[in-house]
Amino acid sequence: MIIPKPLVEQIHAGEFAFPDELPVHLAYGKDHGYSYFVADELSQRLRVAAGKFVSIRDSHPEDHTPAVVLTDQNVPEDLGPEGYQLTITPERITLRASSNAGLFYAGQSLIQLLHHQRTQIAPVGSNGSTTLAGLPCIDIRDRPRFPWRGFMLDSARHFQPVEMITRLIDQIAAMKLNRFHWHLTDDQGWRLEILSYPRLTGVGAWRNNGQGSSRYGGYYTQQQVRELVAYAKMRQITIVPEIDIPSHNLAALAAYPELSCHGEAREVTGDWGLRDGVYCAGRDQTFTFLENVAAEVAALFPGSPIHLGGDERKPGLWDSCPRCHGLRKDLELPDESSLQKWFMDKVAAHIRQAHGRRSISWGDIIDYGCSDDFIVQGWVKGQAGKAAAKGIDTINSTNDWVYLDYPQSAQEHAASYPDWMQTLPLEKVYGFDPIPEGLKPQHHKHILGSEANLWTEFVPDEAQLYHQIMPRLYAFSETVWSPVEHRDFTDFENRLEIQRTLIQPK
Ligand code: ACM
Ligand code: ZN
C-alpha cells in the first residue's frame, strides 16, 4: 500500500473503528515539541478522512479508549536513526519512533494508508462518499536502506517561484526523501541573493529571452531561503546548496567580469551546452570572492555540506590565460586537471576550516583526484564505483538511471527531446541499485545513497516538472529506501495506481 515499500508490513484480522471523538495522544515522558507538528498534520488528515472530531492531547491514553498515540516508548531497537513502527490494533493506532525523522515517516505512512483506504471505498473520480469507518489492523516496521536520499533541482536553466519549491518539498517529503539538492548557479542564471555581491542577482539572475528586449529570470532572497530551509527541516529534508565552480559561471562573470581570465564583458546566456564561463584560477580576487560567497551560503544552509559542482570545465581556457598558466608552472602542475584539483581542494579546505563543512563535487573530480574530505556525486557511469572503491563517500546519481530530465518513452523521445538524451522508462528507474555493480562489500558503506536529478533546460514550468518526475521519483524513492531483495515492479505499479492520485500538486 505504501511507497516506498516498508521493511516489514503485516496485515492482521480486525479493524480500528473511528470513534466520534478521536483523541491523538502525545505520550512522551518529557517535552516533545516536534510531535505537535506531526500530530497536527495527522489530525487534519484524520478529520477529513474519517469525518470525525479529532483533538490533540499531551497525555497518555486511557486503557481501552480508542486513540491515536505518538510515542518514543518501546521502540524496537533495530530500526536505526530514521526508523519507526506503525501499529494498528482494534483500539490503538500507535506511531513509535525514537527520532523526529522516524516520527515524521510514521506519520507519512499513516497518511498514505488513509488515502489507500479511501480509494478502496470510493475510487478516485467516483462520486461516492470517501469517509472512512476505520482502518485495517496492521504492523509496520520500517527503516531506510540509505541515509542520503535526494532529489536535485536545477533552478538556473529555468527559475521556479518559491511557492513551487515549497510544493515540491511537500511531495518529496511524502516519499521519505531527505535531501533537496539545489543547483542555484549556472551559465544561464545566478539564483541566490548574495549581499556582498549584489550584481550576482542584479545582473546575473536575468537573461535576454531572445524575444526583443524582454528579460527572463529571477532569484531567491535570503529571507525566502531561510524560510524554505526551515520549512524543509520540519519535513526532515536538508537543503544542499550547489555553487558550481570553476566552470558553468557565465552569469557570475556577466556580473563581475574581473573574475574571469581575460576580463571581457560577458552575457548571461539563454543557450544550453558547454560554455566558457570559467573563473580565473590565477587571480587572488577569485578566491576572495568565493570565500565571501561561501560565508553567506554556509550561514543560509546550516548543517549541510556545500556542493561545489566541479563538472564540465572546458579544456584549454586556463592554459590560454597567462595568469593561470603561470600559476600552474609555479605550482609545477602537469596539466589543467591538476590545476582544477588544486582549485577545488583550496576552496574545500577553506570551507572545512572556516565553516566546519564538507564539500561535494560532481564525479568529474575522480579523474584528477581530490581529498578524502570531499563527497563525490557520480553522474557518469563508473564514477560512483571508482570513488567508493577509493574509500570516498559517494552519492550515486548515474545518469543512465536517475536523470529525470530524460524522456520516459521512445515516442516521447522522438517527439520532443534532444538526441543526446537516453530514454529512461519507469521500470528502469525502479531497477536502479545505488550500489554500483562489482563494488566490493567492504566499500559499500561509502555509498551514502543517491539523488535523482532534474536539469531544467527543457522544463520551463511546473506542469512539465511534474511530467518529468512523476511517477519516476516514486520508483526512485523505493530504490533508496527499501531493501533491494523486496523489489517487485508489478507490486510497485499496483501501489503506484493508488498513490498517483495523492501526488498531484494542488
Ligand atoms: C552534470 O550533469 N553536468 C553533473
Ligand atoms: Zn586565468
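The rules we used
Residues numbered from 1 in each chain as written. Chains lettered and ligands numbered in written order. Predicted model: local features only at pLDDT ≥ 70, side-chain atom pairs only at ≥ 80, totals over all residues. Heavy atoms only, no water. Helix = DSSP H or I, 4+ residues; strand = E, 2+ residues; numbered from the N terminus. Rg over C-alpha atoms; globule rule 2.2 N^0.38 Å. Buried < 20%, exposed > 50% of the residue type's maximum accessible area, 1.4 Å probe, protein only. Contact = heavy atoms within 4.5 Å. Areas by Shrake-Rupley, 256 points an atom, 1.4 Å probe, with all protein chains shown as cover. Pairing = 2+ DSSP bridges. Axes fitted to C-alpha atoms, helices over the stretch in contact; angles between N-to-C directions. Donors = N, O, S within 2.8 Å, 3.2 Å for Na, K, Ca; no water. Tetrahedral: all angles 85-135°; square planar, octahedral: opposite > 155°, others 65-115°. Polar contact = N/O pair within 3.5 Å; in protein donor to acceptor, adjacent residues only side chain to side chain. Core = buried A, V, L, I, M, F, W, Y, C linked by side-chain atoms within 4.5 Å. Phe/Tyr/Trp six-rings, centres within 6.5 Å; stacked < 30°, edge-to-face > 60°. Lys NZ or Arg CZ within 6 Å of the ring centre and 35° of its normal.

Draft legend 1. Spotlight on the overall build of the chain. Counting its regular elements, the chain contains 16 helices and 19 strands. Against the globule reference of 23 Å for 506 residues, the chain gives a C-alpha radius of gyration of 24 Å, in line with a compact fold. Dimensions of the chain, computed from the C-alpha atoms along their principal axes, are close to 80 × 50 × 45 Å. Classification of the 506 residues of the chain by burial places 59% in the buried group. Contacts in the chain between residues far apart in sequence, at least 24 positions, make up 74% of those at least 6 positions apart. Carbon and sulfur atoms provide 50% of the accessible area of the chain, an area that totals close to 20100 Å².

Draft legend 2. Quick peek at the sheet that holds strand 17 (residues 375–378). An order of 8-9-14-15-16-17-18-19 is seen for the 8 strands of this closed barrel, with the pairing classed as parallel. If you compare each strand with its neighbour and ignore which way they point, the axes differ by 30° on average. When strand 8 (residues 148–154) meets strand 19 (residues 447–454), the two strands line up parallel, connected through 6 bridges. Residue pairing in the sheet places phenylalanine 151 in a bridge with alanine 452 of strand 19. Along the sheet, helix 9 (residues 336–355) makes contact with strand 14 (238–245), strand 15 (306–309) and strand 16 (359–362), crossing strand 15 at roughly 165°.

Draft legend 3. Up close: the sheet that holds strand 6 (residues 92–96). The 7 strands are arranged 1-7-5-6-4-2-3 in an open sheet whose pairing can be described as mixed. Unpaired on one side and paired on the other, strand 1 (8–17) and strand 3 (53–57) mark the two borders of the sheet. When the angles between neighbouring strand axes are averaged without regard to direction, this sheet yields 15°. Packing against the sheet, helix 2 (residues 100–121) makes contact with strand 4 (67–71), strand 5 (84–88), strand 6 and strand 7 (134–142), and its axis sits at approximately 35° to strand 5.

Draft legend 4. The coordination of the zinc ion (ligand 2), seen in detail. Each protein donor to the zinc ion (ligand 2) is listed here as Cys261 (SG), Cys280 (SG), Cys321 (SG) and Cys324 (SG); together their distances run 2.3 Å. Taken together, the 4 donor atoms surrounding the zinc ion (ligand 2) define angles of 103 to 115° at the centre, an arrangement classified as tetrahedral. In the primary structure, the donors to the zinc ion (ligand 2) are separated according to the pattern C-x18-C-x40-C-x2-C. Remark: cysteine 321 occurs in the loop between strand 15 and helix 8 (322–330) and cysteine 280 occurs in the loop between helix 6 (250–255) and helix 7 (284–300); sequence separation between them is 41 residues. Cysteine 321 matches cysteine 280 in its accessibility class, with the two residues each being buried.

Draft legend 5. Region of interest: the environment of glutamine 85. For glutamine 85, the location among the structural elements is in strand 5. Separated by 362 residues in sequence, glutamine 85 and isoleucine 447 place their C-alpha atoms 26 Å apart. Not counting residues within four places of it along the chain, the set of residues in contact with glutamine 85 comprises Asn74, Pro76, Leu79, Thr94, Leu95, Arg96, Asp139, Ile140 and Arg141. Within the structure, the side chain of glutamine 85 is placed 3.2 Å from the side chain of aspartate 139, a separation counted as a polar contact.

Draft legend 6. Molecular detail of the nonpolar core. Membership of the largest hydrophobic core comes to 145 residues, with the highest contact counts inside it found for Leu70, Phe151 and Trp190. The element contributing the most residues to this core is helix 2, with 9 residues. In this structure, phenylalanine 151 is in contact with Leu168, Ile172, Leu177, Arg179, Phe180, His181, Leu404, Glu451, Ala452, Leu454, Ile469 and Leu473, ignoring residues within four places of it in sequence. By size, the runner-up hydrophobic cluster in this structure holds 6 residues, among which are Trp148, Ile360, Ile375 and Ile395.

Draft legend 7. Up close: the packing of aromatic side chains. Taken as a whole, this structure holds 24 aromatic pairs when the rule is applied. Taking 5.6 Å as the distance between ring centres and 35° as the angle between the ring planes, the aromatic pair formed by tryptophan 401 and phenylalanine 432 counts as tilted. Of this pair, tryptophan 401 sits in helix 11 (residues 399–402) while phenylalanine 432 is found in the loop between helix 13 (426–430) and strand 19, placing the two residues 31 residues apart along the sequence. An aromatic cluster of at least three residues, connected via ring pairs, comprises Trp190, Tyr197, Tyr256, Tyr279 and Phe289. Across from the ring centre of tryptophan 206, 4.5 Å away, lies the NZ or CZ of arginine 215, which sits over that ring. Between the NZ or CZ atom of arginine 235 and the centre of the ring of tyrosine 231, over which it lies, the distance is 3.5 Å.

Draft legend 8. The side chain of histidine 443, seen in detail. Of note, histidine 443 is situated in the loop between helix 13 and strand 19. Overall, the relative accessible area of 19% leaves histidine 443 in the buried class. Polar side-chain contacts of histidine 443 include one of 3.5 Å to the backbone oxygen of alanine 389. With residues near it in sequence (within four places) discarded, histidine 443 still touches Ala388 and Ala389.

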